[in-house]
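Spelled out, the chains give:
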Amino acid sequence: MASSSPLFKRWLGQIGADQVVEVLTDLFENGAAFIVDSNSDILLWSKGAEQLFGLSATDTIGKPCKTALNCDNGNDPCNLAELGIVKSQAVRIQHPYGRTLHCYRTARAFYDSNGGFAGAIEFLQPQSNTAPEQKPDDSDSFHGILSRDPAMKEAIKIIRNVAETEATVLIRGESGTGKEMVAHALHLESPRHYQPFLAINCAALTPSLLESELFGHVKGAFTGAVRNHAGLFQRANGGTLFLDEIAELPLELQAKLLRVIQERNFIPVGGDSAVSVDVRIIAATHRSLREEVKAGHFREDLMYRLRVVPIFLPPLRERRQDISLLLQHLIDRHNTQGHRHIDSIAPEAMRLLLDYRWPGNVRELNNVVEYAYAVGRGSELSIDDLPPEFREPVITFSPAASNAQRSKSQNEAELIREALQNSPDNLEQAAQYAGMSRATFWRKRRKYGL
Ligand SMILES: Nc1ncnc2c1ncn2[C@@H]1O[C@H](COP(=O)(O)OP(=O)(O)OP(=O)(O)O)[C@@H](O)[C@H]1O
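On a predicted model such as this, the values are computed, not experimentally measured, just so you know.

1. Some words on the pattern of salt bridges
Inspection of every chain in the model, using the stated rule, returns 18 salt bridges. For Arg317, the salt bridge identified is with Glu174, shortest N-O distance 2.5 Å. In this pair, Arg317 sits in the loop between strand 14 (309–312) and helix 14 (320–335) while Glu174 sits in the loop between strand 8 (169–172) and helix 8 (179–189), placing the two residues 143 residues apart along the sequence. A residue is classified by how much of its surface remains accessible, and Glu174, at 27% relative accessible area, is partly exposed. Taken together, the shared-partner salt bridges in this structure form one network comprising Arg320, Arg351, Asp355, Glu414 and Glu418.

Given below as structure tokens:
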């Protein structure tokens, strides 16, 4: 909250609050500012809003903001009454002349003395006017998904394109490769991003619980069903449902899922009438659905319905430049928490991290960094800071599995050579790959004549 002088109210009375608000909103000339009442009807429309949307105040004032902005989201569209405040949320708005505007939205709700929603003030800033690192195109981050790997970049390109459509997407990748993150990014990029994103792991529940969780049940459907229960399909209506480990879905539920996809309705457990829903399905699996079909575990018709757009996420061991990128990101994050500050990674430790097989992928990398901060001390991350499995030669991925025993300079020279091969045109990235600062990397490169 801003602070004001005791004279502020008197001054405001003289000038008129309306004039002050108009001037304030017009000062925000690189974006749109507008104010809505408790029905979300537009009360004030700034000059910046006119410019951004190409809609005059006479076209918009008095109209519900969802109509004016063409962001069909129902009543209390953006959930603002409940949230109270929204900061820099990425949103997409359909421009009246067909263009899609990518904006960051900041909004604040007002409440009356009874706590009822009394309207809101909103600011929309086009993404092109904001910091370049927030644009996914030219950065290594996309909705929190960090990667420099070409296959991952390709997957991200597909996500961005397919998000605009209603196509069903099947994500394949080992555990911890970021399947749920990708599904969520797809939802955020899609026109459904204002609506719910719900997720369920089909391998985590018994068939009967899973059925009830997905499709809901009616009161009295089984012992303990004391009231109607809305399932995930109903709760995700208008939004996206992420079905993780879809290959584990029991055959009888596969038939029910097929019906929802084809007919957009289902019958809750114990119910006698169909419930209609509009839900986008994103499924994921670590298995090959084709193999599951061949083995008779999965319906072929359902497989074809689910894998309209297949996306493959490579395991971490196959995108080694991401190991250093993610490592640096995690270290930066932990460093800000104050408990330990890591400035460098010992070359032998970096060697082990790059050669490790990473069966748990990025999730395991998170755990390894957490372990290093919990167990280790000092400013250098050393082999001793790594969990015990890193000291068992059998788990190393490289054919030259005895890296830990090699001399420090051998390790260092090899690491630098590999980093240069990986990023020949980008010293910053090469240094990061080797887990060194740019200056140290340059010094060591000279030392080994590389
Ligand atoms: N590219 C990435 N950048 C940043 N964080 C990532 C990336 N990939 C995965 N993660 C992180 O790794 C963890 C696991 O990711 P996620 O749950 O999306 O994987 P998953 O493939 O769905 O795993 P599972 O199949 O076991 O459910 C999360 O903490 C996620 O934030």
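From this point on, the discussion continues.
2. Description of the packing of aromatic side chains
Within this structure, the stated rule accounts for nine aromatic pairs. Considering the side-chain rings of Tyr356 and Trp358, the 4.7 Å spacing of their centres and the 85° angle between planes classify their relative orientation as edge-to-face. With a relative accessible area of 5%, Tyr356 lands in the buried category. Put simply, the rings of Phe215, Phe233 and Phe266 touch in pairs and so form one group of aromatic residues.

3. Some points on the site of the ligand
Around the ligand, the surrounding shell holds 16 residues, and the nearest of these are Leu146, Ser175, Gly176, Lys179 and Arg363. Measuring from an oxygen atom of the ligand, one finds a backbone N or O atom of Glu180 at 3.0 Å. Here an oxygen atom of the ligand and a side-chain polar atom of Asp244 are 3.1 Å apart. Relative to its unbound accessible area of 630 Å², the ligand is 81% covered by the protein chains. Secondary structure elements with two or more residues in the shell around the ligand: strand 7 (145–146), helix 8 and helix 16 (361–375). Here the shell around the ligand is composed, by residue class, of five nonpolar, six polar and five charged. Of the domains in this structure, domain 2 (141–312) and domain 3 (317–447) are the two that each give at least three residues to the shell around the ligand.

4. Structural notes on the side chain of Thr177
Take Thr177: it is sitting in the loop between strand 8 and helix 8. Reaching out from Thr177, the side chain makes a polar contact with the backbone oxygen of Glu174 at a distance of 2.6 Å.

5. Points about the pairing of strand 8
In this sheet, strand 13 (residues 280–285) lies alongside strand 8 in parallel orientation, the contact comprising four bridges. Bridge pairing in strand 13 places Arg172 opposite Thr285. In the sheet, strand 8 pairs with strand 14 via four bridges, with the strands oriented parallel. By the bridge assignment, Arg172 is partnered in strand 14 with Phe312.

6. Digging into the nonpolar core
Residues Trp358 and Phe441 are the most contacted members of the largest nonpolar core, which totals 38 residues. Those elements that place two or more of their residues in this core are helix 14, helix 15 (347–355), helix 16, helix 17 (408–422) and helix 18 (427–433). With 30 residues, the next largest nonpolar core counts Cys202, Phe233, Leu257 and Leu306 among its residues.

7. A short note on a nonpolar patch on the surface
Among the surface-exposed residues, Phe8, Trp11 and Ile15 lie close enough to one another that they form a single nonpolar patch of about 270 Å² accessible area. Assignment of secondary structure puts Phe8 in helix 1 (residues 8–15).

8. Observations concerning the packing of helix 14 against helix 15
The relative placement of two packed helices comes down to the angle between their axes together with the axis-to-axis distance. Contact geometry of helix 14 with helix 15 gives a least axis separation of 9 Å together with a crossing angle of 125°. Regarding the angle of helix 14 to helix 15, the classification is oblique. For helix 14 against helix 15, the interelement crossing comes out right-handed. Contacts between helix 14 and helix 15 involve Arg320, Ile323, Ser324 and Leu327 on the former and, on the latter, Met350, Arg351, Leu353, Leu354 and Asp355. Residue composition of the contact of helix 14 with helix 15, by class: five nonpolar, one polar and three charged.

9. Notes on the environment of Glu428
For Glu428, the location among the structural elements is in helix 18. Overall, Glu428 belongs to the partly exposed group, its relative accessible area being 47%. When the C-alpha positions of Glu428 and Arg438 are compared, they lie 6.0 Å apart, and in sequence the two are 10 residues distant.

10. Thoughts on the environment of Ala247
In this structure, Ala247 sits in the loop between strand 10 (240–244) and helix 11 (251–263). Judged by relative accessible area, which is 7%, Ala247 ranks as buried. Counting along the chain gives 45 residues from Ala247 to Cys202, while the straight-line C-alpha distance between them is 8.1 Å.

11. Here's the deal with unusual backbone geometry
Despite not being glycine, His143 has its phi angle at roughly 45°, a positive value. With respect to the element layout, His143 can be found in the loop between strand 6 (141–142) and strand 7. A residue is classified by how much of its surface remains accessible, and His143, at 32% relative accessible area, is partly exposed. Unusually for a residue other than glycine, Glu245 sits at a positive phi of about 50°. Within the secondary structure, Glu245 is located in the loop between strand 10 and helix 11. Residue Glu245 is classed as buried on the basis of its relative accessible area, which comes to 13%.

12. Focus: the confidence of the model for the chain
Taken over all residues, the pLDDT of the chain has a mean of 84, while the share at 70 or more is 89%. Within the model, the stretch residues 129–138 combines pLDDT values under 50 with 10 contacts to residues more than four positions away or in other chains. A low-confidence stretch, residues 394–405 (pLDDT under 50), is modelled with 19 contacts involving residues beyond four sequence positions or located in other chains.

13. Description of the side chain of Glu122
You can see Glu122 is positioned in strand 5 (residues 117–126). A relative accessible area of 6% means that Glu122 is categorised as buried. A distance of 2.8 Å separates the side chain of Glu122 from the side chain of Arg105, its partner in a polar contact. Sequence-distant contacts of Glu122, that is, excluding residues within four places in its chain, are made with Ala32, Ala33, Phe34, Leu80, Arg105, Thr106 and Ala107.

Conventions adopted
In this numbering scheme, every chain counts its residues from 1 along its sequence in written order. The model is predicted, so local features are restricted to residues of pLDDT at least 70 and side-chain atom pairs to those at 80 or more, both for listing and for counting; the totals for chains, interfaces and linings are taken over all residues. Water and hydrogen atoms play no part in the side-chain values, which are based on all heavy atoms of the structure. Within this document, salt bridges are pairs made up of a side-chain nitrogen of Lys or Arg and a carboxyl oxygen of Asp or Glu, the two lying within 4 Å of each other. In this text, helices come from DSSP runs of H or I with a minimum length of four residues, and strands from runs of E with a minimum of two, each type numbered from the N-terminal end. Partly exposed residues are those whose accessible area sits between 20% and 50% of the maximum for their type, while under 20% is buried and over 50% is exposed, using a 1.4 Å probe and protein chains only. Pairing of aromatic side chains requires ring centres within 6.5 Å, counting the rings of Phe and Tyr and the six-membered ring of Trp. Pairs whose planes differ by under 30 degrees are stacked, by over 60 edge-to-face, and all others tilted. Working definition: residue near molecule or strand if any one of its non-hydrogen atoms lies within 4 Å of it. Under this definition, polar contacts are N or O atom pairs within 3.5 Å; protein pairs additionally need one hydrogen-donor-capable and one acceptor-capable atom, and for neighbouring residues in sequence, both atoms have to be side-chain atoms. Each accessible area is a Shrake-Rupley result for a 1.4 Å probe, and residues are judged covered by the shown protein chains and nothing else. Side-chain classes are defined by residue name, with Ala, Val, Leu, Ile, Met, Phe, Trp, Tyr, Cys and Pro counting as nonpolar, Asp, Glu, Lys and Arg as charged, and the others, Gly among them, as polar. Segmentation into domains, and thus their bounds, comes from an automatic or database assignment. Two strands are said to pair when DSSP picks up at least two bridges between them. Note on terminology: a nonpolar core comprises buried Ala, Val, Leu, Ile, Met, Phe, Trp, Tyr and Cys residues joined through side-chain atoms within 4.5 Å. Patch membership needs two things, relative accessible area over 30% and no salt bridge, and members are linked within 9 Å if like-charged or within 5 Å if nonpolar (Val, Leu, Ile, Met, Phe, Trp, Tyr). Convention adopted: a line fitted to C-alpha atoms gives each axis, helices being fitted over their contacting stretch, and angles between N-to-C directions are expressed from 0 to 180 degrees. Any angle that falls under 35 degrees is termed roughly parallel, while one over 145 is termed roughly antiparallel, one within 65 to 115 roughly perpendicular, and all others oblique. Note: crossing handedness is left-handed where the near helix turns anticlockwise from the far helix by less than a right angle, and right-handed where it turns clockwise. Throughout, a residue-residue contact means that at least one pair of heavy atoms, one from each residue, lies within 4.5 Å. Residue-level confidence of the predictor, termed pLDDT, takes values from 0 up to 100.

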